[in-house]
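Chain and residue survey
These are the residues of each chain, in order.
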Amino acid sequence: MNVIKGFHKLESKRVTAAVLLQPVISRLILEVVALVTGVLDDCLCDIDSIDNFNTFKIFPKIKKLQERDYFRYYKVNLKRPCPFWAEDGHCSIKDCHVEPCPESKIPVGIKAGNSNKYSKVANNTKELEDCEQASKLGAINSTLSNQSKEAFIDWARYDDSQDHFCELDDERSPAAQYVDLLLNPERYTGYKGSSAWRVWNSIYEENCFKPRSVYRPLNPLAPSRGEDDGESFYTWLEGLCLEKRVFYKLISGLHASINLHLCANYLLEETWGKPSWGPNMKEFKRRFDPVETKGEGPRRLKNLYFLYLIELRALSKVAPYFERSIVDLYTGNVQEDADTKTLLLNIFQDTKSFPMHFDEKSMFAGDKKGAKSLKEEFRLHFKNISRIMDCVGCDKCRLWGKLQTQGLGTALKILFSEKEIQKLPENSPSKGFQLTRQEIVALLNAFGSPSNEYSGLISFRIDWFDLLAVQGILKSLLQHHGSKPSILQHSAFFIVQLSHPHMTTGKTIALTRRTFVDKVMSLAF
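Residues numbered from 1 in each chain as written. Predicted model: local features only at pLDDT ≥ 70, side-chain atom pairs only at ≥ 80, totals over all residues. Heavy atoms only, no water.

In the nomenclature of an unreviewed UniProt entry, the chain is known as Endoplasmic reticulum oxidoreductase 1 beta of Muntiacus muntjak. As recorded by UniProt, the Cofactor (unreviewed entry) comment attached to the chain reads in full: "FAD". According to UniProt, the comment filed for the chain under the heading Subcellular location (unreviewed entry) is "Endoplasmic reticulum membrane". (UniProt positions renumbered as here; feature names shortened; annotations may be inferred.)

1. Examining helix α10 (residues 242–264)
Given a rise of 1.5 Å per residue, 23 residues ought to cover 33 Å, and the 32 Å separating the end C-alpha atoms of α10 matches this to within 8%. Within α10, 22 of the 23 residues are buried, leaving the element largely enclosed by the surrounding structure. (Helix = DSSP H or I, 4+ residues; strand = E, 2+ residues; numbered from the N terminus. Expected span 1.5 Å × (residues − 1). Buried < 20%, exposed > 50% of the residue type's maximum accessible area, 1.4 Å probe, protein only.)

2. Observations concerning the nonpolar core
Ranked by internal contacts, the top residues of the largest apolar core, which has 105 residues, are Phe 71, Ile 251, Leu 309, Phe 322, Leu 399 and Leu 412. With 15 residues, helix α12 (residues 296–323) is the single largest residue contributor to this core. Not counting residues up to four positions away in its chain, the partners in contact with Phe 71 are Leu 65, Gln 66, Leu 181, Leu 329, Thr 340, Leu 344, Ile 440, Val 441, Leu 444 and Asn 445. Core analysis: the second largest hydrophobic core is formed by five residues, Tyr 73, Cys 101, Ile 110 and Tyr 178 among them. (Core = buried A, V, L, I, M, F, W, Y, C linked by side-chain atoms within 4.5 Å. Contact = heavy atoms within 4.5 Å.)

3. As for the packing of α10 against α12
One way to put it is that α10 packs onto α12 with a least axis distance of 7 Å and a crossing angle of 105°. Taken together, the axis directions place α10 and α12 in an arrangement best described as roughly perpendicular. In contact with Val 246, Tyr 248, Lys 249, Leu 250, Ser 252, Gly 253, Leu 254, Ala 256, Ser 257 and Leu 260 of α10, α12 contributes Glu 296, Arg 300, Leu 301, Asn 303, Leu 304, Phe 306, Leu 307 and Ile 310. In the contact of α10 with α12, the residues fall into 11 nonpolar, four polar and three charged. (Axes fitted to C-alpha atoms, helices over the stretch in contact; angles between N-to-C directions. Parallel < 35°, antiparallel > 145°, perpendicular 65-115°, else oblique. Nonpolar A, V, L, I, M, F, W, Y, C, P; charged D, E, K, R; others polar.)

4. Concerning the confidence of the model for the chain
This prediction gives the chain a mean pLDDT of 75; 67% of its residues lie at or above 70. Residue range residues 114–144 is modelled with pLDDT below 50. Its contacts to residues more than four positions away, or to other chains, number 63 contacts. (pLDDT = per-residue confidence, 0-100.)

5. Regarding the state of the cysteines
Linking two cysteines covalently via their sulfur atoms produces the bond known as a disulfide. Under the defined criterion, the tally for this structure stands at one disulfide. Between the sulfur atoms of Cys 82 and its disulfide mate Cys 391 the distance is 2.0 Å. Between Cys 82 and Cys 391, the S-S dihedral sits near 75°, and the bridge is therefore right-handed. Of this pair, Cys 82 sits in the loop between β1 (73–77) and α4 (108–111) while Cys 391 is found in the loop between α14 (368–388) and α15 (395–415), placing the two residues 309 residues apart along the sequence. A residue is classified by how much of its surface remains accessible, and Cys 82, at 10% relative accessible area, is buried. (Disulfide = S-S within 2.5 Å.)

6. Some points on the pairing of β1
Judged by how many residues are buried, β1 sits mostly within the fold: five of five residues are covered. Residues Tyr 73, Lys 75 and Asn 77 point to one face of β1 and Tyr 74 and Val 76 to the other, with burial holding for every one of them. As defined by bridge partners, β1 adjoins strand β2 (residues 176–180) across five bridges and the pair is classed as antiparallel. Following the sheet pairing, Tyr 74 is matched in β2 by Val 179. (Pairing = 2+ DSSP bridges.)

7. Side note on the side chain of Thr 351
On the secondary structure map, Thr 351 appears in helix α13 (residues 334–353). Overall, Thr 351 belongs to the buried group, its relative accessible area being 0%. A distance of 3.5 Å separates a polar atom in the side chain of Thr 351 from the backbone nitrogen of Ser 316. When neighbours within four sequence positions are excluded, Thr 351 is seen to be in contact with Phe 53, Ile 58, Leu 312, Leu 315, Ser 316 and His 357. (Polar contact = N/O pair within 3.5 Å; in protein donor to acceptor, adjacent residues only side chain to side chain.)

8. Regarding the environment of Phe 354
The residue Phe 354 is located in the loop between α13 and α14 in this model. For the pair Phe 354 and Phe 53, spaced 301 residues apart in sequence, the C-alpha separation works out to 7.4 Å. Setting aside anything within four residues of it in sequence, one finds Phe 354 in contact with Cys 45, Ser 49, Ile 50, Phe 53, Leu 309 and Leu 312.

Structural data, given as structure tokens:
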């Protein structure tokens with residue numbers, strides 16, 4: 001009887017709280033959603049369209065692709081010295097450590113190196129054994145066909161070219177190691193302080209086409225500016241040419257992507273040596289809350305959408321390169337390789353169907369001489385940023401910083417190589433445009449922005465913003481109102497619905513922004 005009375009009493013409090021707080025919660029949630037919405041600057045694409053397209057078409061396939069052997073193993077050199085300043089020493093925090101993959105775990109086709117890019121070469125067992133024994137790309141065995149030799153020579157020529165937007169690691173270096181990206185997910189490691197700040201400060205202050213007299217919002221070195229909330233910076237930014245605005249937005253979006261993963265995969269506690277990872281609302285608010293960032297947070301998140309749009313466009317443009325029969329994603333497992341390529345081509349088809357792509361032809365479109373000079377300056381600035389990633393003191397942060405930077409650099413290279421891609425021969429190695437396996441893996445993983453522990457969460461990276469914001473709102477309610485058990489129960493149910501796939505169908509729940517608000521309101525009350 002007491003239990004029933006207690007239940008009715010609790011339910012009465014719940015209803016009272018719902019009546020009093022519904023307008024407040026509704027307003028808060030609507031404000032949260034409204035912060036990152038509308039049409040993106042410098043393109044004709046709206047955020048809701050990107051959300052829906054990614055949620056229902058792109059994300060499920062990208063996650064599957066990242067689990068394939070070809071895309072999960074990334075070769076990287078984490079021991080390259082910082083080229084710009086004396087290093088502070090590597091981070092000693094255990095979560096900064098990257099566990100390299102044993103040679104025995106790497107598929108034989110991947111270990112053979114770039115020479116196995118083309119399936120007609122790679123599927124020949126003797127040629128594969130010869131390739132594995134070669135210490136350098138130029139050590140071409142006489143048993144290979146003339147076409148294979150031509151392909152290898154072209155690779156060597158390509159490696160020495162000046163068309164890269166990134167400083168590529170030499171995969172033949174003894175210091176380069178394979179890393180299983182699924183076992184080394186991007187997440188918070190505890191790396192922070194002056195070392196981390198110096199990396200990003202160098203990127204923004206020395207490489208973003210910005211004079212030192214113009215201060216970024218929240219720059220700790222900026223002199224006191226009274227009531228200036230950073231609008232003077234954006235007034236200046238809007239006065240730049242399109243190309244320089246795009247550069248800044250891409251770097252800001254890249255930074256937001258990295259920070260969002262740190263907030264989403266945070267070490268919450270560690271009990272008996274077993275870590276518990278999950279979203280950290282406090283950390284998220286510090287980096288993105290509009291009040292704590294003086295309105296800067298939502299701008300950063302919008303730039304994340306812009307970054308996604310640029311990489312999406314690159315995937316749609318590079319499709320002809322992979323559609324050729326000569327190109328194979330070779331690991332040595334014939335059936336899996338065929339399935340992987342089919343999945344990748346399906347993703348490319350989806351990217352082509354997006355109706356509001358960024359128009360890269362609007363860039364570098366003025367006077368030919370001036371445009372060529374600006375494009376080269378753009379390329380060199382970004383290449384410099386890729387070199388700065390070797391100054392990151394935390395190995396795991398360096399791994400993902402290098403991968404995301406290389407992925408974006410590869411996307412830029414694709415966007416500005418349209419003529420070369422159009423001229424690709426169908427059945428012979430291409431001479432004007434090439435992608436290394438390292439670039440391919442970086443491009444698709446950067447676009448997918450993997451987060452292994454949260455593979456079932458709502459798809460798009462930016463939706464962390466919605467999820468964490470709601471968690472914060474519900475947590476505030478728990479602290480100030482008597483209907484704690486009820487709200488907690490609904491909050492937990494809401495989080496579970498977002499974070500777990502349907503076991504019966506294998507389909508991940510996906511919520512659009514419109515249904516998002518309705519869902520929270522119905523669950524909270």
